[in-house]
Amino acid sequence: CLSAVQAHRAVFSREMLAHDACDDAKMTMELYKHWRRQGMAPIALQLGWYYVHWQKVAPQLYDVLRWDLLRPERCDRDTCKEEDQLVDAHGGGREYRLRFRRASDRVAYFNLAKRRLTNDQRAQPRDAPPMDFPQFLGDVDGSVAFPVCTAVIYEQPR
């Protein structure tokens, strides 16, 4: 289901304030006028889900990593959705997946999680050299291997 905020963002490439009566009315009228000017044809919106899928999480560290290091600071329905934990069938550890509505939210989250993983002693193996990863910009999908887990980053059209 597509919200008016998402439709407005996709059509006009700007943000509006959700749950504000004046902005909601303005946003709805702008979308309606745009639709009428386009001849009431369906408006194609390119939308996708942006994922960070944590895999191969060591079972003995899963709870510590999930609740202290990997969990986002804010997880509401407009920002991100935590998906059920999965058990890796290949014996490589447990999994945890986050689904974001916007790429920019995923970038902000992943850079925070990366900083937490590189700075927290619980996520470092003993006698390991310090880790230094470049800033994630969000324009590439792929995976990043940390000593205690792997992050798989991808986009899925919806």
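The following paragraphs examine the structure supplied in this document.

Thresholds, definitions, all that
- Residues numbered from 1 in each chain as written.
- Predicted model: local features only at pLDDT ≥ 70, side-chain atom pairs only at ≥ 80, totals over all residues.
- Heavy atoms only, no water.
- Helix = DSSP H or I, 4+ residues; strand = E, 2+ residues; numbered from the N terminus.
- Axes fitted to C-alpha atoms, helices over the stretch in contact; angles between N-to-C directions.
- Parallel < 35°, antiparallel > 145°, perpendicular 65-115°, else oblique.
- Contact = heavy atoms within 4.5 Å.
- Nonpolar A, V, L, I, M, F, W, Y, C, P; charged D, E, K, R; others polar.
- Core = buried A, V, L, I, M, F, W, Y, C linked by side-chain atoms within 4.5 Å.
- Buried < 20%, exposed > 50% of the residue type's maximum accessible area, 1.4 Å probe, protein only.
- Arc of directions from axis to C-beta.
- Salt bridge = Lys/Arg side-chain N within 4 Å of Asp/Glu carboxyl O.
- Expected span 1.5 Å × (residues − 1).

**Quick look at the environment of Leu-45**
So, point 1. Mapped onto the fold, Leu-45 is located in the loop between α2 (21–37) and β1 (48–57).
So, point 2. When the C-alpha atoms of Leu-45 and Arg-9 are compared, they prove to be 9.9 Å apart, with 36 residues separating the residues in sequence.

**Description of the packing of helix α3 (residues 62–70) against helix α4 (residues 103–119)**
So, point 1. Relative orientation of the contacting elements α3 and α4 amounts to 120 degrees, with a least axis distance of 10 Å. With respect to α4, the axis of α3 lies oblique. From α3, Leu-65, Asp-68, Leu-69 and Leu-70 reach across to α4, where they touch Tyr-109, Ala-113, Arg-116 and Leu-117.
So, point 2. Class assignment for the residues of the contact of α3 with α4 results in 6 nonpolar, no polar and 2 charged.

**Remarks on the nonpolar core**
So, point 1. Grouped together as the largest cluster of nonpolar side chains are 22 residues, with contacts concentrated most on Trp-54, Tyr-109, Phe-110, Leu-117 and Phe-146.
So, point 2. Those elements giving two or more residues to this core turn out to be β1, α3, β3 (94–100), α4 and β5 (150–157).

**So, α3**
So, point 1. Taken together, the buried positions of α3 are occupied by Tyr-62, Leu-65, Arg-66, Leu-69 and Leu-70. Each buried residue of α3 lies within a common arc of 125 degrees when the element is viewed along its axis, so the set occupies one face.

**Let's talk about the pattern of salt bridges**
So, point 1. One pass over the full model with this rule turns up 3 salt bridges.
So, point 2. Put simply, Glu-82 and Arg-66 hold a salt bridge, and the shortest N to O gap is 3.8 Å. Note that Glu-82 is positioned in strand β2 (residues 80–87) and Arg-66 in helix α3, a separation of 16 residues in sequence. We note that Glu-82, like Arg-66, is buried.
So, point 3. Salt bridges sharing common partners tie together Arg-66, Arg-71 and Glu-82.

**With respect to α2**
So, point 1. When the terminal C-alpha atoms of α2 are compared, their 24 Å separation across 17 residues agrees well with the 24 Å that a helix rising 1.5 Å per residue should span.
So, point 2. Among all positions of α2, only Asp-23, Met-27, Glu-30, Leu-31 and His-34 are buried. All buried residues of α2 lie within an arc of 95 degrees about the axis, which places them on one face of the element. Exposed residues lying more than 90 degrees from the buried face of α2 are Ala-21 and Cys-22.
So, point 3. Just beyond α2, the residue with positive phi is Gly-39, at close to 80 degrees.

None of the figures reported here should be taken as evidence of function without further support.
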